[in-house]
Amino acid sequence: MAPRPQTLPSLKRQPLAAGEDPRALFNQGLAGLRQLSGAQWTDHNIHDPGITTLEMLSLALAEQALRTGSDTLTWLTEPADPLTHAVPDVALQFFDPRVVLPNRPWTALDWRRLLIDLPGVRNAWVATADAEVPLHLDLKARQLATQAPAHGQHQPVAVQGLMRVRIDFMDGIHTQAQREAVLRSVDDALQAHRNLCEDFLPPQAVATQDFALCAEIDLDVAANVTDVTARLLLAADATLCPQVPSRSLAAMLQRRGPDGVARGDDSPWRIEQLFEGPLLRHGFIDDADLAASELPGVLHLSDLMGELMDVAGVHAITRLTLNPLDADGFPLDVPNPWQVAVQAGCRPRLALAINGHPGAGRLAFRKGGVAVAAWNLDALPAAVLDRLAALREAQRLSVETVQTERPAVPRTQPQDLSAHASVQRDFPALYGLGPTGLPAGADDLRRARQLQWRAYLTLFDQLMANDLAQLAHARQLLSVEPHALEAEAERWRDAAPGDTPRTVHTLAAQALTDPLLPLAQLAAEPLTPAAVQDLIEPFDDALRRRDAQVDHLLARLGDDFSAYAATMASVFDHSAQQVLADKLDHLALSPHLGAHRAGAYLQRPLNDAPGPAHSVWNSLNISGLEQRLASLLGIQNMSRRNLASVSYDAYPEIDQTPDNEYRWRIVHAVTDKILLSATKSHATPEAARAEMIEAVSAGQDLAHHRWHLGTASGKGKAKNPQWYFRIVSPTDETVTLGRRIEPFETEEEALAAMHSLRDYLSEHYSGEGLYVVEGLLLRPRELADPLIPICAEPDCGDCLDADPYSWRLYVVLPAYAGRFQDMRFREFAERVIRAEVPAHVLPRLCWVDSDDMAVFEGAWRDWLRVHAGETRADRAAKLATFIDVLSRIKSIYPQRTLYECSAPDTAQAPFTLGRTALGRAGTKRLLAGGATPSTDPKEPDHG
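Below or above, wherever it landed, is the structure these notes cover. (Residues numbered from 1 in each chain as written. Predicted model: local features only at pLDDT ≥ 70, side-chain atom pairs only at ≥ 80, totals over all residues. Heavy atoms only, no water.)

## Topic: the overall build of the chain
Threshold: Where helices and strands are cited, they refer to DSSP runs of H or I of at least four residues and of E of at least two residues respectively, numbered from the N terminus. Only protein chains enter the accessibility calculation, which uses a 1.4 Å probe. A residue is then buried if its area is under 20% of the maximum for its type, exposed if over 50%, and partly exposed in between. Whether two residues are in contact is decided by their heavy atoms: any pair within 4.5 Å suffices.
The helix and strand inventory of the chain stands at 25 helices and 29 strands. Relative to its 943 residues, the chain shows a buried fraction of 44%. Long-range contacts, defined as pairs at least 24 residues apart, comprise 71% of the intrachain contacts of the chain with a sequence gap of at least 6.

The following block contains the structure:
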């Protein structure tokens, strides 16, 4: 009997997701249909046109779900170039991990990584340090002193935040000039990466302790004595204080732990973990390697023996000793030869000539019991020294070779995700909707019914086409670039002034282009993409959806702009477009702001790179905290500059009406020339001032300057055309905020005047901003240096704040500038500042008036230049002046007067304790070293 043929088992496949299964979609739709109209519509068989329609739409939705569920890279891949057909690299759609993942060094291990990565540095150790000048708290006088008082009622004050770095130089760094060059590069790295309220004392070379090695070793018969000797000495020196290896990205991703699993915790390295901390140029440094290279307190002879036994060619070690050397180079006896103590803070090393020591110790070698060589370490053969030098050079190159590996990004082929074919093509020919259409003899009634049916199905076509269009715009919707979705639009406006705002929709709808559809008969007007967008998603809806998408991207970065949006809308009546523009600006800066959020400013120019970037005034050399606060508060100019405001000139204009009206103008402080003036009158000086503040802010950006060629006439004859310019609103270019009345003969002269105005406004009307002063940088460096006064109130008791230097920030803000004049925005700004300051740092906020700000700026600018090394003249005096001003400036509040509670309604805001000042302030000025008038409406701020 012939064997029965076997039937191969059918292949099992994973069940489709609900959205990708047309049968599941059909059943769900049919269930809903029965629930809604089951009593009137009972014929649910497949021949029914409604059931056929449901089936066709279910198939179309399942196909769309399959396209939507494709790999994310498919969404982000740009289409091929139409000319070259080249596919752009999808990796360009993402930030380079070497740009967005690293951050400033924060822990001691981070600092060690940063320094070991520098050329010439073999190893580095970071430890806390005491201040240059010790401080004492005089409990009797309740003040700080640099010397302990004689009465004995005092206690030491340990200033925190100072660190000392010790450096072990790379092999080959022997001369004093070479060491000084390495120490300078280390100091530059420390200063360039310094964090808030931290500082470093000058780096030093680590102290060394020399050890003599004596050993008797049996070698393999085929071993090369010269090579084995060099490798033994290299291994012995590395065991005493191991070299920190630099590993490649591929090696780190396969890094194995002691128990045989990745990293020792049964989880592989992730890319974001590898790039955590400072960005290194020569590879990656593992925490385990750093821990193994700490300065040892004890050397274990068994560890040394194990490392030497692993050297190729070593058969056995019959005798091994390790002895420390005294100051004269003689070996010292040790109580326990298996545990040899190392002096605290010293780096152990072998006593070799190549290490800068004459050499001490002896090596004896045998093969098969026969002595073959015996060398004193102070008289090694030249061949051994050359081989050892070559091995050390190879070891140096392994850790000082630049590595720029990046994670590989899978490549994919671009697809036209927006392509859509009408679902009407899939209907049976009986319906007359497909390419064959209606029969030639169809009457007008049937043709009219077919058009009605097409119009109904076109709604579904449009919905699916819109979804696909949004999928095709995923690159723009998920981008952190401010104007990715808006393309070349500038702040939701076209470049040309005066045009109608362009409505940009997050839906990214597309008009149907299927030639099967007679769109001219289905729609009264041509359905262009813009028309479809306006019909489906009005501008306000699009704005809300785009705002929600940006909020999502911000939330992924840990930022929340909801309070800012509410404050700007309720207090300053800012539109949703303005707030969204601020969010997009912050989002674009997020990689930099996130990495440097705790970074401090550069105290002084780097040794080999002086220049404007390192200057202390009129530059962006500010802390990462200041940069982040400026972005979160919507401060346009974040540079360190003059914030003290000159007087604004709002003057009454007498016209034909009986009431005075107000205009504003900007007058040059030296020439009295009118640089900018209002274009209209205002009923109140407050309205004129508000417009002037907006014009001054916009005038500091040339993007808001507009110029044109105009013709003026006078005294009966026409003049030649001349050039004029004006300042327009950043949010509505049809609104002119101010103008220059002066005409210019050429366009070049007008452009030069615009640049000059921009520079003048930036220098004299800087507006909003803030200063951050680190208390630690004001610490005394010499015994005669002045000290910051402490709280000396009699009722302080146990809460006496004896240390004004450690982890302290002084934040000084202009209470008179722009939005800061509104107490509601001030309260919001204070909440933001306190939330953004690192948790271990205590900030003191001070809102000062223009006069105090001018005195503060002058004193601080003088001290910064002294501190940066630009000058050394009157160092102690300038520090004393700055400390005096910093200690005496107080926060000011809006002036209010008490009034009857039963008085009729009034527009005056109420007097609030701690937020307003009682009385009327006259003209005053806080003089350096002088007293503050008693009429000054100020309250102290205790942080």
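## A few points about empty space enclosed by the protein
The criterion, for reference: Throughout, the protein atoms alone are placed on a 1 Å grid, and a set of points is a cavity if a 1.4 Å probe fits but cannot get out or a pocket if it is open with protein on both sides within 12 Å along at least five of seven lines; lining residues have an atom within 4 Å of a point. Grid points are joined across faces, edges and corners, and a volume is the space filled by probe spheres set on the points. Only Asp, Glu, Lys and Arg are considered charged, only Ala, Val, Leu, Ile, Met, Phe, Trp, Tyr, Cys and Pro nonpolar, and every remaining residue, Gly among them, polar.
Tallied over the full model, the rule gives seven cavities of 30 Å³ or more. When its volume is computed, the largest cavity comes out at roughly 80 Å³. Every residue lining the largest cavity is listed: Ile622, Glu626, Ala630, Ile635, Asn637, Met638, Ser639, Arg640, Arg641, Gly769, Leu770 and Tyr771. Residue composition of the lining of the largest cavity, grouped by class: six nonpolar, three polar and three charged. Together, Tyr601, Val772, Val773, Glu774, Leu777, Leu778, Trp860, Trp863, Leu864 and His867 line the second largest cavity. At four residues, helix α24 (residues 850–867) tops the list of elements feeding residues into the lining of the second largest cavity. Looking at side-chain class alone, the lining of the second largest cavity contains eight nonpolar, one polar and one charged residues.

## With respect to the packing of aromatic side chains
Which entries qualify depends on this criterion: Any pair of Phe, Tyr and Trp rings, taking the six-membered ring for Trp, is counted once the centres come within 6.5 Å. Such a pair is stacked with planes under 30 degrees apart, edge-to-face with planes over 60 apart, and tilted for the rest.
Considering all chains together, one arrives at 19 aromatic pairs under this definition. Residues phenylalanine 820 and phenylalanine 825 carry aromatic rings whose centres are separated by 5.9 Å and whose planes lie at 25 degrees to one another, so their mutual orientation is stacked. Centroid distance phenylalanine 825 to phenylalanine 828: 5.8 Å. Interplanar angle 50 degrees. Geometry classified as tilted. Note that phenylalanine 825 and phenylalanine 828 are positioned in helix α23 (residues 823–836) at a spacing of three residues, about one turn of the helix.

## Points about helix α17 (residues 539–556)
Rules: In this scheme, a helix's expected span is set at 1.5 Å multiplied by one less than its residue total. Directions drawn from the helix axis to the C-beta atoms are what define this arc.
For α17, with 18 residues, the first-to-last C-alpha span of 26 Å sits near the 26 Å given by 1.5 Å per residue. Among all positions of α17, only Ala542, Leu543, Arg546, Gln549, Val550, Leu553 and Leu554 are buried. Buried positions in α17, seen along its axis, are confined to an arc of 140 degrees and lie on one side of it. Of the exposed residues in α17, the ones pointing more than 90 degrees away from its buried face are Arg544 and Ala555. Tucked inside the fold, the buried residues of α17 contact α13 (444–472), α14 (474–477) and α19 (576–595). Directly after α17, the chain includes glycine 558, whose backbone phi takes a positive value near 85 degrees.

## Observations concerning the sheet that holds strand β3 (residues 143–145)
Spelled out, the test is: Strands were regarded as paired on the criterion that DSSP finds at least two bridges between them. Axis definition: a line fitted to C-alpha atoms, limited for helices to the stretch in contact. Angles are taken between N-to-C directions and run from 0 to 180 degrees.
With antiparallel pairing, three strands are arranged side by side in an open sheet as β3-β2-β4. Every other strand in the sheet has two partners, leaving β3 and β4 (154–157) as the edge strands with one partner each. Between one strand axis and the next, the sheet turns through 35 degrees on average, direction left out of account.

## Digging into the nonpolar core
Put simply, the test is: Buried residues of nine kinds, namely Ala, Val, Leu, Ile, Met, Phe, Trp, Tyr and Cys, make up a nonpolar core once their side-chain atoms join them within 4.5 Å.
Core analysis: the biggest nonpolar cluster contains 43 residues, and Leu778, Met853, Phe856, Trp860 and Phe882 have the highest contact counts within it. Elements with a contribution of two residues or more to this core: β2 (135–138), β23 (771–774), β24 (808–814), β25 (842–848), α24 and α25 (875–888). When residues in this core are grouped by element, the largest group, eight residues, is from α24. Phenylalanine 856 has contacts with Tyr771, Val773, Val812, Phe882, Val885, Leu886 and Ile889, leaving out every residue within four places of it along the chain.

## Overview of the environment of aspartate 117
With respect to the element layout, aspartate 117 can be found in the loop between α5 (108–116) and β1 (121–128). Given a relative accessible area of 9%, aspartate 117 falls into the buried group. Between the C-alpha atom of aspartate 117 and that of glutamate 400, which follows or precedes it by 283 residues, the distance is 7.4 Å. With near-sequence residues (within four places) excluded, aspartate 117 lies in contact with Leu280, Arg281 and His282.

## Brief notes about the packing of helix α2 (residues 49–68) against α13
Put simply, the rule reads: Each angle is binned into one of four classes, with values under 35 degrees roughly parallel, values over 145 roughly antiparallel, values of 65 to 115 roughly perpendicular, and all other values oblique.
Contact pair α2 / α13: the axes reach a minimum separation of 11 Å and the direction vectors enclose 10 degrees. Regarding the angle of α2 to α13, the classification is roughly parallel. Residues Thr53, Leu57, Ala60, Leu61, Gln64, Arg67 and Thr68 of α2 lie in contact with α13, whose contacting residues are Trp453, Leu457, Phe460, Met464, Asp467, Leu468 and Leu471. Of the residues assigned to the contact of α2 with α13, the class counts are nine nonpolar, three polar and two charged.

## Considerations on a nonpolar patch on the surface
The condition is simple: Patches were defined on residues exceeding 30% relative accessible area and lacking a salt bridge, with like-charge contacts within 9 Å and nonpolar side-chain contacts (Val, Leu, Ile, Met, Phe, Trp, Tyr) within 5 Å. Exposure was quantified through the Shrake-Rupley algorithm and a 1.4 Å probe, taking into account, for residues, occlusion by the shown protein chains and nothing else. A pair is scored as a salt bridge if a Lys or Arg side-chain nitrogen falls within 4 Å of a carboxyl oxygen belonging to Asp or Glu.
On the surface, Leu527, Leu535 and Ile536 cluster together to form a nonpolar patch covering roughly 270 Å² of accessible area. Along the chain, leucine 527 turns up in the loop between α15 (519–522) and α16 (529–536).

## Concerning the environment of leucine 629
Relative to the helices and strands, leucine 629 is located in helix α20 (residues 624–633). With a relative accessible area of 0%, leucine 629 lands in the buried category. Look past the residues within four positions of leucine 629 in its chain and what remains in contact with it is Leu770, Val832, Ile833 and Glu836.

## Brief notes about the side chain of serine 293
Under the convention used in this document: Here a polar contact means two N or O atoms within 3.5 Å. Within protein one must be a hydrogen donor candidate and the other an acceptor candidate, and residues neighboring in sequence count only if both atoms are side-chain atoms.
You can see serine 293 is positioned in the loop between α10 (287–292) and β9 (298–300). Its relative accessible area of 0% is what places serine 293 among the buried residues. Within the local environment of serine 293, its side chain forms a polar contact with the side chain of arginine 112, the two groups lying 2.8 Å apart. Ignoring sequence-local partners within four residues, the contact set of serine 293 consists of Arg112, Asn123, Trp125, Cys241, Pro242 and Val244.

By themselves, these observations are geometric and do not establish any function.
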